[in-house]
Amino acid sequence: MNEELRNELAKMRNDFADLLKQKSSMDEQKFNEERNALQDKIAELQKRLDDAVVKFGRPMGGADNRAQYKAQVAKLLRSQFNNITVRAEAADPAETTTNGNSYNIHPMFMQEIIRQEDAVTFVRRLFDWQTATTPDIRQPLSSGLTVGHVGEGDERVTTGVITFKETKPTWSQIYALPELTRELVQDSSYDIESWYVAEIGRAFGLQTEQDVLTGAGTGNACKGLFVMDMDTAADGTRDVTKFQKIETAVASKVDFDDLKKMVSALRLSYRSGASWLMNHDLYLALQLLKDNQGRYLMQPAVTQGEPDRLLGYPVYDSEFVPAAADEKIPLAFGNYKRAACGFDRPQIGIMRDEITHKGFVSFYTEKRLGFMPKDTAAVKFLVVKKATA
């Protein structure tokens, strides 16, 4: 079903491209009607395709589905066949088949990996995440519009020229290649299936956190949040593709005034849902920071699993955020769901190999994820001022 939708969507896009080529020779009203009709159809097909991916990608409840999923993972890990390539497609589990060296595994496998990632990193909760059926995703960033007042009979003047700049995700291709002895895989009564999924999810989760926060944007790593383009200019005056960075008041130090400045710089509309994101060592240092009346600024969480709070906002820390040093950015404050979006490709590839290294079985596992800015006014960054010589 998904393949049929993809083919139909591709055909519609080709029709739309042909229509654009004919624009100069068509009546303007007829062109607009046909263009709008095609755009509506394309949007409807894309939604159906995305809904199908989400539907089949969700964890499926019930003992029968879980048992079927575990049996398929066990068959993959302990199989006597070599070089089995697995695509954990978002497909109907009833259609799961083995065909030569191609093996379609239960879609719960993908969700179990993501569930394990959630257990070791906060980035999936902090940012907006979507399933991407295509890597060709584009989104316009606008300079924002202004409004004015008008009365009956008054002239309506232009309230500003809107400019758009296109942004698209950068992608990470991550993999793991664990190796086990052949005897352990085939003879052990140990639950290798659960171990494999848990370990892959943990490793992928930590790599996802690193890429999303500080990925370089090169070498098959996406461009992370703390590596995005930045400028010191205020909202409305800088390039819409750049985030704002604010320099500390004192060289080589983060103090109370810097924190207040960060909150004040973020527009009120973004503060609902805002939080702090900082380097782990800075987080430990700020736990000791006090206000002018000697009260600790960091308020510890009263419920297990909930984040601490700083100036009333949740605090998340990561070892992957740059350390506090001259001209480094160890801290951000804002609404991350509005600022950026992460993307999962709905396939995880696995290859089983017991030929290359005799007596051992290796499992090559790979997945793709993307990251893209959405609203550069939604997060502010703090850069540590350089000490003068």
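For the structure, see preceding data.
Residues numbered from 1 in each chain as written. Predicted model: local features only at pLDDT ≥ 70, side-chain atom pairs only at ≥ 80, totals over all residues. Heavy atoms only, no water.

K.L.:
Lay out the pattern of salt bridges with the relevant residues and their values.
P.N.:
All told, the structure shown has 19 salt bridges when counted by the stated rule. Close ionic contact of glutamate 117 with arginine 124 constitutes a salt bridge, the shortest N to O distance being 2.8 Å. Residue class for arginine 124 comes out buried when judged on its relative accessible area of 11%. With a closest N to O distance of 2.9 Å, lysine 165 and aspartate 239 form a salt bridge. Here lysine 165 is found in strand β6 (residues 164-167), whereas its partner aspartate 239 is found in the loop between β9 (230-231) and β10 (243-247), with 74 residues between them in sequence. Its relative accessible area of 38% is what places lysine 165 among the partly exposed residues. Overall, aspartate 239 belongs to the partly exposed group, its relative accessible area being 26%. Via salt bridges that share partners, Glu117, Arg124, Asp344 and Lys367 belong to a single interconnected network. (Salt bridge = Lys/Arg side-chain N within 4 Å of Asp/Glu carboxyl O. Buried < 20%, exposed > 50% of the residue type's maximum accessible area, 1.4 Å probe, protein only. Helix = DSSP H or I, 4+ residues; strand = E, 2+ residues; numbered from the N terminus.)

K.L.:
Tell me about the side chain of glutamate 112, residues and numbers included.
P.N.:
Checked against the element boundaries, glutamate 112 lands in helix α4 (residues 108-120). You can call glutamate 112 buried: its relative accessible area is 5%. Engagement of the side chain of glutamate 112 in a polar contact is seen with the side chain of arginine 115, the distance being 2.9 Å. (Polar contact = N/O pair within 3.5 Å; in protein donor to acceptor, adjacent residues only side chain to side chain.)

K.L.:
An account of the environment of threonine 232 is needed here, citing residue identities and associated values.
P.N.:
Locating threonine 232 in the fold gives a position in the loop between β9 and β10. Taking the C-alpha atoms as reference points, threonine 232 and lysine 380, separated by 148 residues in sequence, lie 10.0 Å from one another. Among all residues touching threonine 232, those that are not within four sequence positions of it are Gln244 and Lys245. (Contact = heavy atoms within 4.5 Å.)

K.L.:
With reference to specific residues and values, describe the pairing of strand β18 (residues 379-383).
P.N.:
Burial runs high along β18: five of the five residues are buried. Taking every second residue as pointing to the same face, both faces of β18 are buried, with Val379, Phe381 and Val383 on one and Lys380 and Leu382 on the other. For β10 and β18, the ladder comprises four bridges, and the chain directions are parallel. When the sheet's bridge partners are listed, isoleucine 246 is paired in β18 with leucine 382. Across four bridges, strand β15 (residues 331-334) lies against β18 in antiparallel orientation. By the bridge assignment, leucine 331 is partnered in β18 with leucine 382. (Pairing = 2+ DSSP bridges.)

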